[in-house]
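Residues per chain, in single letters:
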Amino acid sequence: MRFQPKYNTYEAAPQWPENQAARRTVPGTVARDERLEPIADTLPMTFDQALLDRGQERFEIFCSPCHAASGYGNGMVVQRGFPAPPSFHSERLRNAPLRHFVDVITEGYGVMYSYRDRVPLEDRWAIATYIRALQLSQHVAYDSLSASQRARLADSVDDSSREAPQ
Ligand code: HEC
């Protein structure tokens, strides 16, 4: 058995479609551990502090090496030469639905590979929610703040050089 004509995985196989020995799954079949239900369009679980905390933890483990803890895209791996991802604080990604982040984690995006195997679906939603919080941390309308939040903001701003935002 060991010494016989055979293909190894990923070997070229000219007589088969796509010229490769590794075959695609038969249409209508799934891998044993593959989830069957379609991914929801909006957050399918309760939004609470625990979800955000989980998202932050998973984000810092899996995403911050490239996207940076701040989400600006200059993480350590990028500083060592990996292509820089776009900032999460752009107009386009601020307006992207949560589902977009879940899809990028699931499928990968351009040179970013898929995290499907490493980040289970629930954690993808948690990370997406946390990215939204990160975006808000850099871009929130002053008018939407409560009086006490405005007071805290004023305290934290070096007041000699700045005026309160209009
Ligand atoms: C190894 C580096 C690396 C890691 C780790 C990484 N990314 Fe990325 N990510 C990239 C790069 C590079 C791009 C830009 C890809 C391109 O445009 O070709 C990108 C793009 C994106 C985008 C932008 C998609 C768009 O619409 O422009 C999102 C969102 C994203 N990543 C989310 C994540 C999340 C969430 C994680 C963690 C689960 C993660 N990334 C982990 C490198 C990484």
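A quick note: this is a predicted structure, and the numbers were derived from the prediction, not measured.

Quick look at the site of the ligand now. Neighbouring residues of the ligand: 23 residues in total, closest Cys-63, Cys-66, His-67, Arg-92 and Met-112. One of the side-chain N or O atoms of His-67 is found 2.7 Å from a nitrogen atom in the ligand. Side-chain polar atom of Arg-92 to an oxygen atom of the ligand: 2.6 Å apart, as the coordinates give it. Mapped onto the shell around the ligand, the elements with two or more residues apiece are helix H2 (64-67), helix H4 (91-95), helix H5 (98-107) and helix H6 (121-138). Of the residues belonging to the shell around the ligand, the class tally is 19 nonpolar, three polar and one charged.

Moving on: the environment of Tyr-7. Mapped onto the elements, Tyr-7 comes out in the segment before helix H1 (49-62). A relative accessible area of 34% places Tyr-7 in the partly exposed class. Aside from chain neighbours lying at most four places away, what touches Tyr-7 is Ala-12, Ala-13, Pro-14, Gln-15, Trp-16 and Ala-21. Polar side-chain contacts of Tyr-7 include one of 2.9 Å to the side chain of Gln-15.

Turning to the UniProt feature "domain: Cytochrome c" (unreviewed entry) in the protein chain, a few remarks are in order. In the numbering adopted here, UniProt assigns the feature "domain: Cytochrome c" (unreviewed entry) to residues 50-135. Taken end to end, residues 50-135 comprises 59% helix and 0% strand; its first and last C-alpha atoms sit 18 Å apart.

Before going further, it helps to spend a moment on H6. Between its terminal C-alpha atoms H6 stretches 26 Å, which fits the 26 Å expected from 18 residues at 1.5 Å a residue. Of all the positions in H6, only Leu-121, Asp-123, Arg-124, Trp-125, Ala-126, Ile-127, Ala-128, Thr-129, Tyr-130, Ile-131, Leu-134 and Gln-135 are classed as buried. The inward-facing, buried residues of H6 abut H1, H4 and H5.

Another point: the coordination of the iron atom of the ligand. All of the protein donors around the iron atom of the ligand are His-67 (NE2) and Met-112 (SD); their distances to the metal are 2.0 to 2.2 Å. Its six donor atoms give the iron atom of the ligand angles of 84 to 178° at the centre, a pattern that matches the octahedral case. Of the two residues, His-67 sits in helix H2 while Met-112 sits in the loop between H5 and H6, which places them 45 residues apart along the sequence. Note on His-67: relative accessible area 11%, which makes it buried. Residue Met-112 is classed as partly exposed on the basis of its relative accessible area, which comes to 24%.

Definitions and limits used
Position numbers for residues start from 1 in each chain and track the written sequence from start to end. Selection of residues for local features in this predicted model requires a pLDDT of at least 70, selection of side-chain atom pairs for listing and counting requires 80 or more, and totals for whole chains, interfaces and linings are taken over all residues. Side-chain metrics rest on all non-hydrogen atoms present in the structure, leaving aside hydrogens and water. Any residue with a heavy atom positioned within 4 Å of a molecule or strand is treated as near that molecule or strand. Identification of polar contacts relies on pairs of N or O atoms within 3.5 Å, with a donor-acceptor requirement for protein atoms, meaning one able to donate a hydrogen and the other able to accept it, and with residues adjacent in sequence counted only if both atoms are side-chain atoms. Put simply, DSSP H or I for four residues or longer makes a helix, DSSP E for two residues or longer makes a strand, and each gets a number counted from the N terminus. Classification used: nonpolar for Ala, Val, Leu, Ile, Met, Phe, Trp, Tyr, Cys and Pro, charged for Asp, Glu, Lys and Arg, polar for all others including Gly. Throughout this description, buried means an accessible area under 20% of the type-specific maximum (1.4 Å probe, protein chains only), exposed means over 50%, and partly exposed covers the range between. When checking whether two residues touch, look at their non-hydrogen atoms; a contact exists if any pair is within 4.5 Å. UniProt positions are given in the numbering used here, feature names are shortened, and annotations may be inferred rather than shown by experiment. By this rule the span expected of a helix is its residue count minus one, scaled by 1.5 Å. Any N, O or S atom lying within 2.8 Å of the metal counts as a donor, and for Na, K and Ca the limit rises to 3.2 Å; water is left out, so some sites can look incomplete. Any coordination sphere not matching a tetrahedral pattern (four donors, all angles between 85 and 135 degrees) or a square planar or octahedral pattern (four or six donors, opposite donors over 155 degrees apart, other angles between 65 and 115) is reported as irregular.

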